Amino acid sequence: MEKEKMGWGRVLLFILPYIFIAGGIQILGAYVCGIEYPSNEHTYIEQFLLKFFEFLGTLLALWIFMKYVDKRPFVALGFSLKNRRRELLAGFLLGALIMAFAFGFLTVLDEIIFKSIDFNRRDALVSILLFAVVAVAEEVVLRGYVLRNFMLSFNKYIALIVSSVLFAVMHGLNPNFDDMAFINLFLAGVLLGISYVYTRNLWFPIGLHFSWNLFQSYFGFNVSGQDFYSIVKFDIQDANLLNGGAFGFEGSIVAVCIQVIAIAFIYKYYKRKVA
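Parameters at a glance
- Residues numbered from 1 in each chain as written.
- Predicted model: local features only at pLDDT ≥ 70, side-chain atom pairs only at ≥ 80, totals over all residues.
- Heavy atoms only, no water.
- Helix = DSSP H or I, 4+ residues; strand = E, 2+ residues; numbered from the N terminus.
- Rg over C-alpha atoms; globule rule 2.2 N^0.38 Å.
- Axes fitted to C-alpha atoms, helices over the stretch in contact; angles between N-to-C directions.
- Parallel < 35°, antiparallel > 145°, perpendicular 65-115°, else oblique.
- Left-handed = near helix turned anticlockwise from the far one by under 90°.
- Contact = heavy atoms within 4.5 Å.
- Nonpolar A, V, L, I, M, F, W, Y, C, P; charged D, E, K, R; others polar.
- Expected span 1.5 Å × (residues − 1).
- Buried < 20%, exposed > 50% of the residue type's maximum accessible area, 1.4 Å probe, protein only.
- Polar contact = N/O pair within 3.5 Å; in protein donor to acceptor, adjacent residues only side chain to side chain.
- 1 Å grid on protein atoms, 1.4 Å probe; cavity = no way out; pocket = protein on both sides within 12 Å on 5 of 7 lines; lining within 4 Å.
- Points joined across faces, edges and corners; volume = space filled by probe spheres on them.
- Core = buried A, V, L, I, M, F, W, Y, C linked by side-chain atoms within 4.5 Å.
- Patch = residues over 30% accessible without salt bridge, like charges linked within 9 Å, V, L, I, M, F, W, Y side chains within 5 Å.
- Areas by Shrake-Rupley, 256 points an atom, 1.4 Å probe, with all protein chains shown as cover.
- Salt bridge = Lys/Arg side-chain N within 4 Å of Asp/Glu carboxyl O.

Caption draft 1: Seen up close, the overall build of the chain. The secondary structure content of the chain amounts to 9 helices and 2 strands. The N-to-C order of helical and strand elements in the chain reads α-α-α-α-β-α-α-α-α-β-α. Taking 19 Å as the expected radius of gyration for a compact globule of 275 residues, we find that the chain reaches 19 Å, a close match to that expectation. If you line up the chain on its principal axes, its C-alpha atoms span 60 × 50 × 35 Å.

Caption draft 2: Region of the structure containing the packing of helix α7 (residues 179-199) against helix α8 (residues 203-218). Their axes nearest at 8 Å, the elements α7 and α8 cross at an angle of 160°. Our classification of the angle between α7 and α8 gives roughly antiparallel. With respect to the hand of their crossing, α7 and α8 are arranged in right-handed fashion. Across the interface between the two elements, L191, L192 and S195 of α7 pack against F204, P205, L208, H209 and W212 of α8. Residues belonging to the contact of α7 with α8 are distributed by class as follows: 6 nonpolar, 2 polar and no charged.

Caption draft 3: Up close: the packing of helix α2 (residues 7-33) against helix α3 (residues 44-68). Relative to each other, α2 and α3 sit at 145°, their axes nearing to 7 Å. Remark: the crossing between α2 and α3 carries right-handed chirality. The class makeup of the residues in the contact of α2 with α3 is 18 nonpolar, 4 polar and 3 charged.

Caption draft 4: Layout of helix α6 (residues 156-170). Its 15 residues place the ends of α6 21 Å apart at the C-alpha level, agreeing with the 21 Å of an ideal helix rising 1.5 Å per residue. Listed in full, the buried residues belonging to α6 are A159, L160, S163, S164, F167 and A168. Lining the buried residues of α6 we find α5 (121-153), α7 and α8. Looking at where α6 begins, the residue whose side-chain oxygen comes 2.8 Å from the main-chain nitrogen of Y157 is N155.

Caption draft 5: Geometry of the layout of surface pockets. Looking at the second largest pocket, its volume works out to about 280 Å³. Along its surface, the second largest pocket is lined by N83, R86, E87, A90, L94, F204, A262, F265, I266, Y269, Y270 and K273. Listing elements by their share of the lining of the second largest pocket, those giving two or more residues are α4 (85-108) and α9 (253-274). The leading source of residues in the lining of the second largest pocket is α9, at 6 residues. Among the residues forming the lining of the second largest pocket, the class breakdown is 8 nonpolar, 1 polar and 3 charged.

Caption draft 6: Structural context of the environment of G189. Relative to the helices and strands, G189 resides in helix α7. The exposure class of G189 is buried, given its relative accessible area of 0%.

Caption draft 7: Structural view of the nonpolar core. Judged by nonpolar contacts, the single largest core of 80 residues is most densely connected at F14, V141, F221 and F249. Examining the composition of this core, we find that 16 residues originate from one element, α5, more than from any other. Ignoring any residue separated from it by four or fewer positions in sequence, one finds F221 in contact with A102, F103, L106, I112, Q216, F234 and F249.

Caption draft 8: Structural view of α3. Taking 1.5 Å per residue, 25 residues should reach 36 Å; α3 reaches 36 Å between its end C-alpha atoms and fits that length. Residues of α3 that are buried include every one of Q47, F48, L50, F53, F55, G57, T58, A61, L62, F65 and M66, and no others. In the core, the buried residues of α3 are packed alongside α2 and α5.

Caption draft 9: Expanded view of a nonpolar patch on the surface. A grouping of M6, W8, L12, I15, L16, I19, F20, F154, I158, V162 and L166 is seen on the molecular surface, where their side chains present a nonpolar patch of about 1000 Å² in accessible area. When contributions to the nonpolar patch are tallied by element, the ones reaching two or more residues are α2 and α6. It is α2 that contributes the most residues to the nonpolar patch, 6 residues altogether. Mapped onto the fold, L166 is located in helix α6. Overall, the relative accessible area of 32% leaves L166 in the partly exposed class.

Caption draft 10: Here's a closer look at unusual backbone geometry. Omega for the peptide link from Y37 to P38 comes to 0°, which places this bond in the cis form. A positive phi angle is found at D110, which is not glycine, with a value near 60°. Secondary-structure assignment places D110 in the loop between α4 and β1 (113-117). Its identity is not glycine, yet N176 carries a phi of approximately 65°, on the positive side. Here N176 is to be found in the loop between α6 and α7.

Geometric descriptors of this kind do not, in isolation, establish any biological role.
Right, dumping it as structure tokens:
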């Protein structure tokens, strides 16, 4: 029981080693690959490589903590695949549908003006790899380690709220970050974490996180304020709270409404399932 109460302590202990290990391996990888670091000008392949090296560092930090601090198998973070393949697919489809709806809705309102299609097979593939790495890395840290440990110390909903605040704060240095972006990223943390509260499994949030970012980018939106490859090109004539402006869809009031609805739906689904 005492070990469980110290879940929050393990999270605090994890933060600095995680930053140093993940950041250190990313810097080392950049040096080996000849990538200028730090820099705001990277090709899509360089962006992927930097994220991949950070991902390797993240897994190493988590493996060390799970083995020597938590004393649990790595799979206990939420990687069991038994009866979970449908959840991975459901998460993926939900993210794709939300972004397709957002694009169509904002186009109908003339908040975004369609320009053209620009399909590049290499960049589209690199985007898949990039956002897959980002989704797994962020979910295994924020939900698999942070949320799981918080739930050992606090009420599960308090744990979800605190981990979601941390998720939003982690993106605080992104370009064009503002109050609406914080609200949306907090809600995204709740949306990604609500299923984990009931299942202790990462596949639904990984599928949703991956799909959300990928199709947000493919449909032409900035992803959390950052510009990535887009298949669809559009213009925004007046940046406002409906279209999200330079931060992208996650800076819009539309994203708030959609996420609240999705959170309520997922909450009711799992509540009914465990009842």
